[in-house]
Amino acid sequence: MADHRNLRADLERALPALGLSLSEAQVAALMEYLALIQKWTKVYNLTAVRDPAEMLTHHLLDSLAVINPLRQQLAALAPTEARRRLLDVGSGAGLPGIVIAICCPEIVVDCVDTVAKKAAFIQQVAVTLKLPNLRGVHARVENLTDKYDVISSRAFASLVDFTSWSAQALAEQGVWMGMKGKHPADEMAALPSSVQVFHVEQLVVPGLDAERCIVWMRSVSA
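Residues numbered from 1 in each chain as written. Predicted model: local features only at pLDDT ≥ 70, side-chain atom pairs only at ≥ 80, totals over all residues. Heavy atoms only, no water.

Notes on the overall build of the protein chain
From N to C terminus, the protein chain includes 8 helices and 7 strands. The C-alpha atoms of the protein chain give 17 Å as radius of gyration, which agrees with the globular expectation for 222 residues (17 Å, within 12%). The dimensions of the protein chain, computed from C-alpha atoms along their principal axes, are 55 × 35 × 30 Å. The buried share among the 222 residues of the protein chain stands at 52%. Taking as baseline every contact in the protein chain between residues at least 6 positions apart, the subset at least 24 positions apart corresponds to 66%. (Helix = DSSP H or I, 4+ residues; strand = E, 2+ residues; numbered from the N terminus. Rg over C-alpha atoms; globule rule 2.2 N^0.38 Å. Buried < 20%, exposed > 50% of the residue type's maximum accessible area, 1.4 Å probe, protein only. Contact = heavy atoms within 4.5 Å.)

Below you can see the structure in the form of structure tokens.
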């Protein structure tokens, strides 16, 4: 079993490949978050991945790979005085929502899940890691009335279900960030005309020998 110091070294080695420069406090927070997933998973089965080294690559690094693309998309949105808001749908153990909240304190992150214990875990992480920009929400995404600049999902549902269930929560200039493995051509072809795919971004996750991409979408008027 990989120990904490080795995992931290692996994380720090991966950051330059992801184009990220994180503070000492942010790296420490990511490692503490990893420890919390391990602890809670023993009781609440938050994730099927149990090996700490696999958790690092499949969860943390996989989520860290979206940080720079997310920042670029937010910079491209119409400028606003308000803080940017992100909704992570079907967040589970808080991926990628919690990672985004740690790395991007300027973004307000709500992680919604229909499973109460998962929303409770996210809330516990927010308290433990002192993340005032993070909130766990126990609800169905269809019932949310707040508006978000970005709505993200990671292995949550098909692109059609993801966008249709969360459409009412997307701000006027907002974008959907669908994290996928292989290029989801069939799912993209099934999208209605009201949803436009404007970019498919290939990701490279250090230590993960698998395809990853982000499907960026926006709502378009008929």
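Some thoughts on the environment of Thr 114
Along the chain, Thr 114 turns up in the loop between strand 2 (107-113) and helix 6 (116-128). Residues Thr 114 and Tyr 148, 34 residues apart in the sequence, show an inter-C-alpha distance of 19 Å. Excluding residues within four positions of it along the chain, Thr 114 makes contact with His 138, Ala 139 and Arg 140.

Brief notes about the packing of aromatic side chains
Using the criterion set out here, one finds 3 aromatic pairs in the structure. Each member of the aromatic cluster is reached from another via a ring pair, and the members are Tyr 33, Trp 40 and Phe 121. Arg 218 extends its terminal NZ or CZ atom over the ring of Phe 198, reaching a point 3.9 Å from the ring centre. (Phe/Tyr/Trp six-rings, centres within 6.5 Å; stacked < 30°, edge-to-face > 60°. Lys NZ or Arg CZ within 6 Å of the ring centre and 35° of its normal.)

Considerations on the side chain of Ser 91
Considering the arrangement of structural elements, one finds Ser 91 in the loop between strand 1 (84-89) and helix 5 (97-103). When residues no more than four places from it in sequence are discounted, the contact partners of Ser 91 are Cys 111, Val 112, Asp 113 and Ile 122.

Regarding the pattern of salt bridges
Under the defined criterion, the tally for this structure stands at 12 salt bridges. Between Asp 146 and Arg 85 there is a salt bridge; the shortest N-O distance is 3.4 Å. Linking Asp 146 in the loop between strand 3 (134-138) and strand 4 (148-154) with Arg 85 in strand 1, this pair joins segments that are 61 residues apart in sequence. When its relative accessible area of 32% is taken as the criterion, Asp 146 is described as partly exposed. Owing to a relative accessible area of 24%, Arg 85 belongs among the partly exposed residues under this scheme. (Salt bridge = Lys/Arg side-chain N within 4 Å of Asp/Glu carboxyl O.)

Regarding the pairing of strand 4
In terms of burial, strand 4 is a largely internal element, 7 of the 7 residues being buried. Across 6 bridges, the pairing between strand 4 and strand 5 (residues 170-180) is parallel. Paired with Val 150 across the strands is Val 175, a residue of strand 5. The parallel pair strand 4 and strand 5, bridged by helix 7 (residues 159-166), forms a crossover whose chirality is right-handed. (Pairing = 2+ DSSP bridges. Right-handed = clockwise from strand over helix to strand, strands pointing away.)

Let's talk about unusual backbone geometry
Here Leu 95 and Pro 96 are connected by a cis peptide whose omega angle stands at 5 degrees. At Lys 130, a position not held by glycine, the phi torsion is positive, near 55 degrees. Within the secondary structure, Lys 130 is located in the loop between helix 6 and strand 3.

So, the confidence of the model for the protein chain
For the protein chain, mean pLDDT is 93; residues scoring 70 or higher make up 97% of the total. The secondary-structure element of the protein chain with the lowest mean pLDDT is helix 3 (residues 52-64), recorded at 90, while helix 5 shows the highest, at 98. (pLDDT = per-residue confidence, 0-100.)

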